[in-house]
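# Close look at the chain arrangement
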Amino acid sequence: MAWKPPPRGLCADLFRALPEVSYARGDAVNDAPRSEQIQFADDMQEFTKFPTKTGRRSLSRSISQSSTDSYSSAASYTDSSDDEVSPREKQQTNSKGSSNFCVKNIKQAEFGRREIEIAEQDMSALISLRKRAQGEKPLAGAKIVGCTHITAQTAVLIETLCALGAQCRWSACNIYSTQNEVAAALAEAGVAVFAWKGESEDDFWWCIDRCVNVDGWQANMILDDGGDLTHWVYKKYPNIFKKIRGIVEESVTGVHRLYQLSKAGKLCVPAMNVNDSVTKQKFDNLYCCRESILDGLKRTTDVMFGGKQVVVCGYGEVGKGCCAALKALGAIVYVTEIDPICALQACMDGFRVVKLSEVIRQVDVVITCTGNKNVVTREHLDRMKNSCIVCNMGHSNTEIDVTSLRTPELTWERVRSQVDHVIWPDGKRVVLLAEGRLLNLSCSTVPTFVLSITATTQALALIELYNAPEGRYKQDVYLLPKKMDEYVASLHLPSFDAHLTELTDDQAKYLGLNKNGPFKPNYYRY
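Residues numbered from 1 in each chain as written. Predicted model: local features only at pLDDT ≥ 70, side-chain atom pairs only at ≥ 80, totals over all residues. Heavy atoms only, no water.

## Details of the confidence of the model for the protein
Just so we agree on the cut-off: By definition, pLDDT measures how confident the predictor is in each residue, and it falls between 0 and 100. For this analysis, residues touch if any pair of their heavy atoms sits within 4.5 Å.
Residues with a pLDDT of 70 or more make up 84% of the protein, whose mean pLDDT is 86. Confidence drops under pLDDT 50 across residues 10–82; counting only partners more than four residues distant or on other chains, this segment forms 158 contacts.

Laid out in C-alpha cells, this is it:
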C-alpha cells in the first residue's frame, strides 16, 4: 500500500496535546579550581564565588540535580550529589567497624567492588604481577602515601600494593575525577582513603593532610600524580620528608617540580620519573588520550567533529594522540608548538602549525596539552567565537586562565556536570569544560588496558626504590631502568596473543646484546 501523508493539521494537534515540561533550576554551585601554587593552611584564601549579574543566576543546572550526574557526563557512575552534607561532617564506619577513611557514601561499596572487578579483567598484567610477587611480599614494611586519580583502575593498583605487603593511605589528585563508589569500596576493604567527587579547595588539602599526619603511622614511600602530595610533605612535614625512601611521580607537572627541587639541592630522597618512561609516554600519554579525548568531548557537549576547526596546543605524546583522533573524525586540526622538532613532526603528520592568536577567532574547539601555564589567556578567550569549546588535557588546571573569567562582567551558567557557559555582556558564550581541569578523567573515563601499563610501571618503580640497596640511588630524579620497561611491556603481550621472536646466539653476538634484553640503549627514541 502506498504511503499517504497524515491529514493536514494532525501533527500540530499532536504537539498541542503534549504536556508542557518545566525545567527546574537548582541552587548555585561554587566549585573553585585549584591554583598552580601550593597553598597551605596558614595562608589559605577564600575563593571568589562565581560572578553574577543583576537579574541572572550565577550558575544554573538544567532539568534536575540528577541529570548533572548522569551516565553521559560524569566520571563516576553513581549520583555524586545524593545529599548536600560534606563527607567531612559524616560519621561513617565500614563493616569491620573502622572509620579510618572519608568518602561520599560507604554504602556504595558493593557497586564500587563490581567496578573494580570489571577493571581487573582488562588489567591482567597487574594481576599477574600481584600473583607472582604475592608470596615474596616485596613491599612488606612499606608505608605508602598516595595521591592519584581514584578510579576503578587505580583501585586495582592500590590493592595490588596492599597484596604485596604495603600499608596504604590515599587521597585524590583531582577534585572531579574520583569515582565515589570505588572510593567506598577501597574504604570497605580497609584502605585509608580520603576522597570524593567535587571536593572544595579546602577539602583537597584536608584530605592530603589526613593521609600524611597520622599518629603512630609514618609514610616511607610516596606515589604522586601532579606533585601536590610531595610538596605538601616537603613544606609542612620536613622531618617526614627526610625519612622517605623513595618518590614515584607519573605526571609532567610533578616531574617538573621534582627536577626543580633537585636543581636547587633540596631533594633529599631518590625519586623515579615514571612520566618519561617508555611505557608511560608511548602508551598512556599517546593511546589513552587518543581515545579518551573524544569520549570526554562527546559526553559533555555532544559535538560533531566532522568539518569542525580545532586547535591543539602542544604536540607531545598527548597532543599527538588528540590530533590523530580528531583528524580521523574529519576535523580540521591546527597545532601550536614552541619546540621546532615537535612542530616539524606535526607538519609531516599533515597538520598546520600556527600561533594561537592567528586562528583563535575561527576555531570551534581549543584543547591544551602542554603542561605549561597561561597557554590560553583572557585575551584569547575574549576573541573566541560564540559557542567555542575550551578544554584541557594536561594534568594541571593552569593551562587555561580560568581565574581571569571570574569577574563581575561575566556570567557563569552550569548547564551540565562539568560544563559551564561563560557569558560575555554581548551574549557571546564560551563552553568551558571541567573548569580547565583534566578533561578525560573529569568528564569521562579512560581505557582500562592502557592504565594497566602505567599502573604496572608504578608498582615496579615502588618495588625497585623500596628494595634497592643503599647507595644505588642518590638524592636525584631517575628514569625507570630499560629492563623494567621491557618487562612491563612483555607482561601485556599475552593479551594480544603476541609471540616475540628470539635472537639466536649468533645474532645476539652480532648486535652486542643479551638475548634476554635490554634490547635498546637508553638513548634510543622509540
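Having seen the structure, we can now continue with the description.
## Examining the UniProt feature "binding site: NAD(+)" (unreviewed entry) in the protein
Test applied: UniProt positions are given in the numbering used here, feature names are shortened, and annotations may be inferred rather than shown by experiment. Secondary structure elements are defined from DSSP: runs of H or I of at least 4 residues count as helices, runs of E of at least 2 residues count as strands, and each element is numbered from the N terminus. Only protein chains enter the area calculation, which uses a 1.4 Å probe; residues under 20% of their type maximum are buried, those over 50% are exposed, and those in between are partly exposed.
In this structure's numbering, the residues bearing the UniProt feature "binding site: NAD(+)" (unreviewed entry) are Gly316, Glu317, Val318, Gly319, Lys320, Gly321, Glu337 and Asn440. Mapped onto the secondary structure, glutamate 317 falls in helix 11 (residues 317–328). Here glutamate 317 falls in the buried class, since its relative accessible area comes to 13%. Setting aside residues no more than four positions away along its own chain, glutamate 317 makes contact with Gln281, Lys282, Asn285 and Leu286. Here valine 318 is to be found in helix 11. Aside from chain neighbours lying at most four places away, what touches valine 318 is Asn285, Cys289, Cys369 and Met393.

## Overview of the sheet that holds strand 7 (residues 309–313)
Selection criterion: Between any two strands, at least two bridges found by DSSP are needed for them to pair. Axis angles are defined between N-to-C directions and span 0 to 180 degrees, where every axis is a line fitted to C-alpha atoms and, for a helix, only to the segment in contact.
Taking strand neighbours across the sheet as the criterion, the 8 strands line up as 9-8-7-10-11-14-13-12 in an open arrangement whose pairing is mixed. Pairing within the sheet leaves two strands with one partner each, and these edge strands are strand 9 (352–353) and strand 12 (411–416). Two elements, strand 7 and strand 10 (residues 365–368), share 4 bridges in a ladder whose sense is parallel. In the sheet register, valine 310 faces strand 10, and the bridge partner there is valine 365. Strands in contact with helix 10 (residues 278–301) are strand 10, strand 11 (388–392), strand 12, strand 13 (419–423) and strand 14 (429–433); relative to strand 14, the strand with the most contacts, it is inclined by about 130 degrees.

## Details of the nonpolar core
As a reminder, the rule being used: Think of a nonpolar core as a cluster: buried Ala, Val, Leu, Ile, Met, Phe, Trp, Tyr and Cys residues, connected wherever their side-chain atoms sit within 4.5 Å. Here the limits of each domain have been adopted from an automatic or database domain assignment.
Membership of the largest hydrophobic core comes to 61 residues, with the highest contact counts inside it found for Leu139, Ile144, Ile150, Leu161, Trp170 and Val193. When contributions to this core are tallied by element, the ones reaching two or more residues are helix 2 (109–121), helix 3 (124–133), helix 4 (152–163), strand 2 (167–172), helix 5 (180–188), strand 4 (221–224), helix 16 (448–467) and helix 17 (482–492). Of the residues forming this core, the biggest block, 12 residues, is contributed by helix 16. There are two domains that each give this core at least three residues, and those are domain 1 (87–276) and domain 2 (286–443). Once residues lying within four places of it in the same chain are set aside, the contact partners of tryptophan 170 are Ile144, Gly146, Cys147, Thr148, Ile150, Ile158, Leu161, Ala192, Val193, Phe194, Cys211 and Leu223. By size, the runner-up hydrophobic cluster in this structure holds 33 residues, among which are Val212, Ile222, Leu261 and Val269.

## Side note on the side chain of serine 442
Heads up, the condition is: Here a polar contact is recorded for every N or O atom pair within 3.5 Å, except that within protein the pair must consist of a potential hydrogen donor and a potential acceptor, and residues adjacent in sequence are included only if both atoms are side-chain atoms.
Structurally, serine 442 can be placed in helix 15 (residues 439–443). Of the polar contacts made by the side chain of serine 442, one reaches the backbone oxygen of leucine 438; its length is 2.7 Å.

## Remarks on helix 2
This is how the line gets drawn: Under the convention used throughout, the expected extent of a helix is 1.5 Å for every residue step, that is, one less than its residue count. This arc describes the spread of directions from the helix axis toward the C-beta atoms.
In a regular helix each residue adds 1.5 Å, so 13 residues correspond to 18 Å; helix 2 covers 19 Å between its end C-alpha atoms and thus fits that length. Within helix 2 the residues assigned to the buried category are Ala109, Gly112, Glu115, Ile116 and Ala119. Angularly, the buried residues of helix 2 cover 115 degrees about the axis, an arc narrow enough to put them on a single face. Exposed side of helix 2, more than 90 degrees from the buried face: Glu110, Ile118 and Gln121 are the residues found there.

## With respect to the pattern of salt bridges
Which entries qualify depends on this criterion: A pair is scored as a salt bridge if a Lys or Arg side-chain nitrogen falls within 4 Å of a carboxyl oxygen belonging to Asp or Glu.
According to the stated counting rule, one finds 18 salt bridges in the structure shown. Across the pair arginine 113 and glutamate 159 runs a salt bridge, and its minimum N-O distance is 2.7 Å. Separated by 46 residues along the polypeptide, arginine 113 in helix 2 and glutamate 159 in helix 4 bring together distant segments of the chain. Taking relative accessible area as the criterion, arginine 113 reaches 24% and is therefore assigned partly exposed. For glutamate 159, a relative accessible area of 15% gives the class buried. If you follow the salt bridges from partner to partner, you end up with Arg406, Arg414, Asp420 and Glu435 in one network.

## Notes on the packing of aromatic side chains
Formally: Note on ring pairs: Phe, Tyr and Trp rings are taken, using the six-membered ring of Trp, and paired if centres are within 6.5 Å. Classes follow the plane angle, with under 30 degrees stacked, over 60 edge-to-face and the rest tilted. Any Lys NZ or Arg CZ found within 6 Å of a ring centre and within 35 degrees of that ring's normal is scored as a charge over the ring.
Under the criterion given, the structure shown has 10 aromatic pairs. On the basis of an interplanar angle of 80 degrees and a centroid distance of 6.3 Å, the ring pair of phenylalanine 194 and tryptophan 206 is categorised as edge-to-face. Of this pair, phenylalanine 194 sits in strand 3 (residues 192–194) while tryptophan 206 sits in helix 6 (residues 201–212), placing them 12 residues apart in sequence. When its relative accessible area of 0% is taken as the criterion, phenylalanine 194 is described as buried. Taken together, a centroid distance of 5.2 Å and an interplanar angle of 20 degrees make the contact between tryptophan 205 and tryptophan 232 stacked. Of this pair, tryptophan 205 sits in helix 6 while tryptophan 232 sits in helix 7 (residues 228–236), and the two are 27 residues apart along the sequence. The residues tryptophan 205 and tryptophan 232 share a single accessibility class, namely buried. Of note, arginine 245 hangs over the ring of tyrosine 466, and the distance from its end group to the ring centre comes to 4.2 Å. The ring of tryptophan 412 carries arginine 406 above its face, with NZ or CZ at 4.4 Å from the centroid.

## Considering the environment of isoleucine 293
Mapped onto the fold, isoleucine 293 is located in helix 10. Considered as a pair, isoleucine 293 and threonine 445 are 152 residues apart in the sequence and their alpha carbons are 9.7 Å apart. The residues contacting isoleucine 293, other than those within four sequence positions of it, are Cys322, Ala325, Ile367, Met393 and Leu439.

## Let's talk about the UniProt feature "binding site: substrate" (unreviewed entry) in the protein
Residues annotated in UniProt with the feature "binding site: substrate" (unreviewed entry) correspond here to Thr151, Asp225, Glu250, Lys280 and Asp284. Here threonine 151 lies in the loop between strand 1 (143–148) and helix 4. Among the residues examined, threonine 151 registers a relative accessible area of 4% and is labelled buried. Residue contacts for threonine 151: discarding those within four places in its chain leaves Ser177, Gln179, Val182 and Leu441. Within the structure, threonine 151 has its side chain in polar contact with the side chain of glutamine 153 (distance 3.0 Å). Here lysine 280 is to be found in helix 10.

## Some details on unusual backbone geometry
Note that the residue after glycine 517, namely proline 518, is joined by a cis bond; omega there is 0 degrees. Its location among the elements puts proline 518 in the segment after helix 18 (505–511).

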